[in-house]
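# Commentary on secondary and tertiary structure
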Amino acid sequence: MNKRGMISGIVLGVAAVGQIVLAFVLYREDGHTLLRNLSWVVLWISAILGWWPILWFRLRGGVAKGESYMRTTRLVTSGPYALVRHPQYLAGILLGLGIAGVVQHWLVTALGVIVAAISYLGTWDEERACMVKFGAEYEAYRQRVPRVNLLLGIGRWIARKVRPTA
């Protein structure tokens, strides 16, 4: 890991843990109920997008027994990866924003923005690594599936199912 990645990881970890701890301290029942309820939905989506790829990589990624799920040998383009290229990074983004929407305190929101921003920026390094590892196959995948835009990804997935390519 390079120096920038290490610093980003530390800042992300501190911001995420800080946000979660402050959520317990600063949470109040008042606030916007609709925003809070929508934010709970966002947190559930985050949980799904955080865990589903772990299982999916083990099933589809050619991971050797006993290895980390991240040690894939094949490009995985189905399951959560048919919707977005980086579902776990999207989970981090949604986690930061979801907690901010539930708690509705400026400090928790500021930390959530940091978590979301660093999570998104992490996709850029991941893109470069995937291009090196999978080359033209990954480039073709990039053209079909958005980076982290889940709504666009669902729309494109539905379109592919309705109009399959030859």
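Notes on the structure follow. (Residues numbered from 1 in each chain as written. Predicted model: local features only at pLDDT ≥ 70, side-chain atom pairs only at ≥ 80, totals over all residues. Heavy atoms only, no water.)

### Quick notes on the packing of helix H4 (residues 106-134) against helix H5 (residues 136-144)
Remark: H4 packs on H5, axes separated minimally by 6 Å, with the N-to-C direction vectors making an angle of 130 degrees. Taken together, the axes of H4 and H5 lie oblique to each other. Here H4 contributes Glu127, Cys130, Met131 and Phe134 to the contact with H5, which in turn contributes Ala136, Glu137, Tyr138, Glu139 and Arg142. Taken together, the residues that form the contact of H4 with H5 break down as five nonpolar, no polar and four charged. (Axes fitted to C-alpha atoms, helices over the stretch in contact; angles between N-to-C directions. Helix = DSSP H or I, 4+ residues; strand = E, 2+ residues; numbered from the N terminus. Parallel < 35°, antiparallel > 145°, perpendicular 65-115°, else oblique. Contact = heavy atoms within 4.5 Å. Nonpolar A, V, L, I, M, F, W, Y, C, P; charged D, E, K, R; others polar.)

### Overview of a nonpolar patch on the surface
A surface patch of nonpolar side chains, about 520 Å² in accessible area, is lined by Val17, Ile20, Val21, Phe24 and Val25. Tracing the backbone shows Phe24 in helix H1 (residues 3-26). Judged by its relative accessible area of 72%, Phe24 falls in the exposed class. (Patch = residues over 30% accessible without salt bridge, like charges linked within 9 Å, V, L, I, M, F, W, Y side chains within 5 Å. Areas by Shrake-Rupley, 256 points an atom, 1.4 Å probe, with all protein chains shown as cover. Salt bridge = Lys/Arg side-chain N within 4 Å of Asp/Glu carboxyl O. Buried < 20%, exposed > 50% of the residue type's maximum accessible area, 1.4 Å probe, protein only.)

### Looking at H1
The end-to-end C-alpha distance of H1 is 33 Å, a good match for the 34 Å that 24 residues give at a rise of 1.5 Å each. Those residues of H1 that are buried lie in contact with helix H3 (87-103) and H4. The opening residue of H1 is Asn2, an N-cap whose side-chain oxygen sits 3.3 Å from the backbone nitrogen of Arg4. (Expected span 1.5 Å × (residues − 1). Polar contact = N/O pair within 3.5 Å; in protein donor to acceptor, adjacent residues only side chain to side chain.)

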